[in-house]
Amino acid sequence: MRPNIVTEAGIQTRVSQWWNAIPFLTSSVVVVCGLIYLICLLTGYDTFYEVCFLPSAILSRFQVYRFYTAILFHGSMLHVMFNMMALVPMGSELERIMGSVRLFYLTILLATTNAVLHLLIASLAGYNPFYQYDHLMNECAIGFSGILFSMIVIETSLSGVTSRSVFGLFNVPAKLYPWILLIAFQLLMTNVSLLGHLCGILSGFAYSYGLFNFLMPGSSFFSNIESASWMASCVRRPKFIMCTGGNPSSYMPTYSVQNTTSSGFSTGNAWRSLSSWLPQREASNQSSEDSRFPGRGRTLSGTARDLTPPAGETNPNLHARLLEDNTPDRLSDATVTGMPEPIPTTRQVPIANAAVLPQSQGRVGASEEQIQKLVAMGFERTQVEVALAAADDDLNVAVEILMSQQG
């Protein structure tokens with residue numbers, strides 16, 4: 001009898017697993033912005049006048065470099081932490097879809113279009129003949145939040161959901177979600193650039209509706225960059241995601257290009273599924289899978305198999321079958337396919353008995369008392385039933401299975 005000891009991974013292990021799951025470009029942006037803020041903090045640099053997005057300086061001195069330096073600098077610890085924590089789930093999801101190089105190109109494109117729109121609106125407001133808003137021309141804006149608002153629009157467009165949650169407090173229609181966030185941040189926080197966030201939303205919608213498609217190169221352009229010798233050190237990184245492993249088109253699905261269905265990912269469940277995301281570094285068969293989520297499914301033993309569930313089979317039964325598929329005393333695959341198969345000599349199970357049990361019933365269910373014990377420990381009932389089925393109703397083994405899944 002194994003001792004009923006439940007152990008949890010330490011904070012250091014959990015942080016390491018979380019960081020290793022973040023793709024190459026997203027983690028690089030977090031490191032660069034964090035280091036820049038740390039250097040500014042140690043050197044006492046807090047004016048940001050030379051690097052911020054300042055419309056008057058750009059027009060009078062043609063300081064175009066401010067388009068890109070402004071997004072890397074942040075004014076406070078809360079500013080940089082909030083932006084980077086918001087970037088991790090959205091940037092990771094988009095990078096796995098597009099690839100690291102393509103997302104880098106998109107980030108530069110969004111930074112440029114955000115800046116151009118910002119400059120255009122500020123100029124119209126500051127130099128119009130009716131009423132001049134001079135403060136918009138002299139507004140010094142910094143931070144990555146403009147890019148984040150563009151990513152929010154793109155992610156909301158791709159998710160296909162009809163409503164989104166605002167800070168977990170209430171739901172709003174998905175189309176209004178970016179605008180609600182814009183108003184909420186403007187009311188809740190001081191020194192927030194309304195025009196910078198607004199331009200991010202406009203750029204995100206322009207991209208989602210395919211207005212930037214002519215600015216996006218083809219896949220061969222990104223493949224040539226990845227194969228260049230000066231990119232070899234980056235490509236060899238385990239977290240680097242090749243563009244060939246992402247969407248085969250030169251841009252992500254948009255309303256005007258591809259009819260996307262609900263992929264079910266959002267900012268909320270992106271955090272919950274972050275540990276299960278793995279970078280895909282090899283080309284996959286696009287004709288038989290969702291092009292937005294490349295990769296090939298494998299069983300726990302690592303052998304490629306057909307994981308398409310039979311008609312009428314529910315997801316819990318499928319999970320139970322996959323778990324049972326890798327236990328030493330599993331039943332024959334005849335219970336799944338209905339086709340006879342040679343039975344291992346280590347355990348003689350008549351084919352007739354295997355065919356009698358329908359897949360919807362499976363093995364004999366665990367007692368309600370055992371299920372309730374594990375549910376009381378904080379595990380979900382569906383996972384408990386699957387784990388007990390895989391452990392032959394051994395409570396201790398089931399606990400180990402459940403803990404390994406959460407780890």
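The shown structure was predicted, so the numbers you read here are calculated from the model rather than taken from an experiment.

**Some points on the overall build of the chain**
A tally of regular secondary structure across the chain gives 19 helices and two strands. Burial analysis of the chain (407 residues in total) assigns 43% to the buried set. Of all intrachain contacts in the chain linking residues separated by at least 6 positions in sequence, the fraction that spans at least 24 positions is 68%. Of the roughly 22,300 Å² that the chain leaves accessible, carbon and sulfur atoms contribute 62%.

**Let's talk about the environment of C234**
Mapping C234 onto the fold places it in helix α12 (residues 232-235). For C234 and S100, which are 134 residues apart along the polypeptide, the C-alpha to C-alpha distance reads 9.9 Å. Setting aside residues up to four positions removed in sequence, C234 forms contacts with F24 and F240.

**Quick look at the pairing of strand β1 (residues 163-166)**
What you see with β1 is a clean split: R164 and V166 sit on the buried side and S163 and S165 on the side with no burial. Relative to strand β2 (residues 170-173), β1 is paired through four bridges, and the arrangement is antiparallel. Its bridge partner being in β2, V166 is matched across the sheet by F170. Here β1 folds back onto β2, and the loop between the two strands holds three residues, one of which, F167, carries a positive phi near 55°.

**What about the state of the cysteines?**
If you walk through the whole model with that rule in mind, you get one disulfide. There is a disulfide in this structure between C52 and C140, and the S-S distance comes to 1.7 Å. Judged by the torsion about the S-S bond (-120°), the C52/C140 disulfide is left-handed. With C52 in the loop between α2 (24-43) and α3 (55-61) and C140 in the loop between α7 (134-137) and α8 (145-159), this pair connects stretches of sequence that are 88 residues apart. You can call C52 buried: its relative accessible area is 0%.

**Some thoughts on helix α5 (residues 77-98)**
Helix length check: α5 (22 residues) gives 30 Å between terminal C-alpha atoms against 32 Å at 1.5 Å per residue, within 8%. Its axis deflected by about 35° at V88, α5 carries its strongest bend there, up to four residues before the proline P89. Looking one or two places after α5, you find G99, whose phi comes out positive at around 100°.

**Looking at the packing of helix α17 (residues 368-376) against helix α19 (residues 395-406)**
α19 packs onto α17 with a crossing angle of 35° between their chain directions and a minimal axis gap of 11 Å. When the axes of α17 and α19 are compared, the crossing they make is right-handed. Side by side, α17 and α19 meet where Q370, K373 and L374 of the first sit next to L395, A398, V399 and L402 of the second. Residue classes in the contact of α17 with α19 are distributed as five nonpolar, one polar and one charged.

**Details of the environment of R102**
By the secondary structure assignment, R102 is in helix α6 (residues 100-127). Classification of R102 by relative accessible area gives buried; the value is 1%. Distance from R102 to F221, taken between C-alpha atoms, is 9.5 Å for residues 119 residues apart in sequence. For R102, the side chain forms a polar contact with the side chain of S219, separated by 3.4 Å.

**A short note on the packing of aromatic side chains**
Scanning the entire structure with this criterion turns up 13 aromatic pairs. Judged by centre distance (6.0 Å) and plane angle (35°), the ring pair of F53 and F67 falls under tilted. Residue F53 is located in the loop between α2 and α3, and its partner F67 is located in helix α4 (residues 66-69); the two are separated by 14 residues in the primary sequence. Of the two residues, F53 and F67, neither departs from the other in class, the shared state being buried. On the numbers, 6.4 Å between centres and 70° between planes, the contact of Y105 with F221 is edge-to-face. Of the two residues, Y105 sits in helix α6 while F221 sits in helix α11 (residues 219-226), which places them 116 residues apart along the sequence. For Y105, a relative accessible area of 26% puts it in the partly exposed group. The ring of Y177 has R164 lying over it, and the distance from NZ or CZ to the ring centre is 4.7 Å.

**Here we look at the packing of α5 against α8**
It is the contact of α5 with α8, at a shortest axis distance of 10 Å, that shows an interaxial angle of 40°. One way to sum up the angle between α5 and α8 is to call them oblique. Classified by chirality, the crossing of α8 by α5 is left-handed. Contacts between α5 and α8 involve N83, A86, L87, M90, G91 and L94 from the first element and S145, L148, M151, I152, I154 and L158 from the second. Classifying every residue of the contact of α5 with α8 gives nine nonpolar, three polar and no charged.

**Concerning the UniProt feature "transmembrane region" (unreviewed entry) in the chain**
Sequence positions flagged by UniProt for "transmembrane region" (unreviewed entry) are, in local numbering, residues 21-45, 65-82, 103-124, 136-154, 166-188 and 194-215. Each end of residues 65-82 is marked by a C-alpha atom, and these two atoms are 25 Å apart; helix forms 56% of the span and strand 0%. Helix and strand shares over residues 166-188 are 52% and 22% respectively, and the end C-alpha atoms of the span are 13 Å apart.

**Re the side chain of S92**
Structurally, S92 is set in helix α5. With a relative accessible area of 0%, S92 lands in the buried category.

Analysis parameters
- Residues numbered from 1 in each chain as written.
- Predicted model: local features only at pLDDT ≥ 70, side-chain atom pairs only at ≥ 80, totals over all residues.
- Heavy atoms only, no water.
- Helix = DSSP H or I, 4+ residues; strand = E, 2+ residues; numbered from the N terminus.
- Buried < 20%, exposed > 50% of the residue type's maximum accessible area, 1.4 Å probe, protein only.
- Contact = heavy atoms within 4.5 Å.
- Areas by Shrake-Rupley, 256 points an atom, 1.4 Å probe, with all protein chains shown as cover.
- Pairing = 2+ DSSP bridges.
- Disulfide = S-S within 2.5 Å.
- Expected span 1.5 Å × (residues − 1).
- Bend = angle between axes of the 7 residues up to and from the residue.
- Axes fitted to C-alpha atoms, helices over the stretch in contact; angles between N-to-C directions.
- Left-handed = near helix turned anticlockwise from the far one by under 90°.
- Nonpolar A, V, L, I, M, F, W, Y, C, P; charged D, E, K, R; others polar.
- Polar contact = N/O pair within 3.5 Å; in protein donor to acceptor, adjacent residues only side chain to side chain.
- Phe/Tyr/Trp six-rings, centres within 6.5 Å; stacked < 30°, edge-to-face > 60°.
- Lys NZ or Arg CZ within 6 Å of the ring centre and 35° of its normal.
- Parallel < 35°, antiparallel > 145°, perpendicular 65-115°, else oblique.
- UniProt positions renumbered as here; feature names shortened; annotations may be inferred.

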